Every structure is written in structure tokens, then in C-alpha cells.
Amino acid sequence: MTTVELTLEERDAAEIERIEARRKKLYAVAIPLATAAALILTWQLGVKLFGVPTYIAPAPSDVGVALVEKFPILMMNFWPTFMESVLGFFFGNTIAILIAIAFVHSRGVERAFFPIAVFVNTIPILAIAPILVLIFGPGLTAKVVIAALICFFPTLVNMVRGLQSVSPQALELARILSASKSEVFWKIRLPSSLPFLFSALRIAATTCVIGAIVGEWVGADVGLGALIIDSTFNFNSPLLYATVFMSSGLSVFLFASVAVAEKLIIRW
């Protein structure tokens, strides 16, 4: 068989692989979309066929109308929740990372403060939210603290585990080469901890929205959480469902942002 024939066969095989890859990507997108469309259609037909009152369970068409008609109100309440979620995500994870670094470099600090962190994490966020609102007032600070608190513990645990996941052989080699603690941290510990960190950040990207909304439930007159309470007491189910979808969309957006950052930072 000649070199030209081999080259043609290789090109055909490569083209077949590309077609298969595109087909798999298409299936990966089409199957969830088709499932979601089927569920929405079932929801629409079920509500209409059984005559379910709108104030109990609105049809998807009613929710769509509410999204369009109440869009200015939804966006007016979206931005405060977005700001609280992002600030809580940033501060909660930053503090967790710094404390994890302190834990890894000092066993005494870990023994002293890790049980306290576990104890605080055992308190339900719905129980501690009113306390924080009383301490910080009903403004932005309380919501940010609640969102930060709900992000804090998963990131702390994963970051500590990541920083401690370095193999003893690598640490022994660094010691033989007279590497300083800062060099060991930046060159060995931090890169090995990044997969653990981003796993925690994916969780925190969704839970920070929950924390912000819980804070708005306790004491706020703006935000998606406040709009959920208001539409619930007014039996405005279409607006309630639309607000829930907006908050879910915010969580998905933050989760996708973390996933994109992970692909850009962790290239190996």
C-alpha cells in the first residue's frame, strides 16, 4: 500500500472521528433540551386538562407571560440579589482559602479553630440569618455575610484537603532542594489544590444565591427573595414561579462562570 493511500485512509478516519465527535456533542445538547421541552409540555397539558387554579400552579404559558410583563420588576429585584451573591461568594471563599492556608501551615491553629468552624456550619442558615440581620441591620451587609457564611465551610474543607494532598515524595524533594515554605506553597501545594478548590467553588456558586435569598426573606424590601415572599402572600403564582426561575438562572450563570474560569486556569 502506497504512502498516498495511507494518507487518504488517515484523512478518512480523522473525518469520521470529527463527525462522531460532532454527533456526540449534538446528542449531549439535544437530549437535555428535549427532556426539558417534554416536561414543560406535560406541565402545560396537566394544568389545563385538570383545571388547576392559577394561584396554585400556573401553566408555563402563564409564567412566560409574567416573565415578559413583569420583566422590569424582576430585573429591579435581580440586581440586588446578584450583588449580594457575588460579594458573598468573593468574601466567603477568600476568607476560607486564607484560613485553609493557615490550617495547613499550623497544626495548632487548625486544632483551635476547625472545631469552631464545624460548629458554626451545623447551625441551620435559616436559624442564624435573623441573628445576623439583628447584628448588621437589614441592609446589604447582613445579606453578604449570610451568603459568605453558606459558601465558607465547603471551600474551607476542600481547600485544606487540596493543600494536604501533596505527595510526601514531592515534599521530600523540595526539602532536599532547600525550597522555602513560600516556594513549596506556590510551586507544589497551590497547583495541587486547584482541582479541589474549583470543586468547592462550583458548590459555592449556587449556595451563595441561596444565602442571599434567605437573607432577603428575613429582612428586605428589594431582591428576588423579597419578591418571592411578596408574590406568595399575594397569591401571584405566575410572578412567584418567574422569580424562582430568575434565581435559578442566576445560580446557573455563576456556576457556568466558575466552570469557564476552571478551564482557563487549570489547563492540565
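Residues numbered from 1 in each chain as written. Predicted model: local features only at pLDDT ≥ 70, side-chain atom pairs only at ≥ 80, totals over all residues. Heavy atoms only, no water.

(A) Region of the structure containing the pattern of salt bridges. Counting across every chain of the model gives 3 salt bridges. Across the salt bridge formed by Glu172 and Arg175, the nearest N and O atoms sit 2.5 Å from each other. With Glu172 and Arg175 both in helix α7 (residues 168-176), this residue pair falls 3 residues apart, about one helical turn. You can call Glu172 partly exposed: its relative accessible area is 36%. We note a salt bridge from Arg202 to Glu262, for which the minimum N-O separation is 2.6 Å. Placement of Arg202 in helix α8 (residues 181-218) and of Glu262 in helix α10 (residues 237-265) is noted, with a sequence separation of 60 residues between them. (Salt bridge = Lys/Arg side-chain N within 4 Å of Asp/Glu carboxyl O. Helix = DSSP H or I, 4+ residues; strand = E, 2+ residues; numbered from the N terminus. Buried < 20%, exposed > 50% of the residue type's maximum accessible area, 1.4 Å probe, protein only.)

(B) Layout of the state of the cysteines. For the coordinates displayed, the defined rule picks out 0 disulfides. You can see Cys151 has no disulfide; the closest cysteine sulfur is in Cys208, sitting 4.7 Å from it. You can call Cys151 buried: its relative accessible area is 0%. (Disulfide = S-S within 2.5 Å.)

(C) Broad picture of α8. The end-to-end C-alpha separation of α8 is 45 Å, well short of the 56 Å expected for 38 residues at 1.5 Å each. Taken as a whole, α8 carries its principal kink of about 40° at Leu194; the proline Pro195 stands between one and four residues after it. (Expected span 1.5 Å × (residues − 1). Bend = angle between axes of the 7 residues up to and from the residue.)

(D) Region of the structure containing the layout of surface pockets. Of the pockets and cavities examined, the largest pocket occupies roughly 290 Å³. Considering the residues around the largest pocket, the lining is formed by 15 residues, among which Val120, Ala148, Leu149, Ile150 and Phe152 are closest to the centre. At the level of elements, α3 (71-105), α4 (107-122), α5 (125-136) and α6 (140-163) are the ones that each hand at least two residues to the lining of the largest pocket. The leading source of residues in the lining of the largest pocket is α6, at 6 residues. (1 Å grid on protein atoms, 1.4 Å probe; cavity = no way out; pocket = protein on both sides within 12 Å on 5 of 7 lines; lining within 4 Å. Points joined across faces, edges and corners; volume = space filled by probe spheres on them.)

Note that all results are geometric; they support no functional claim without further evidence.
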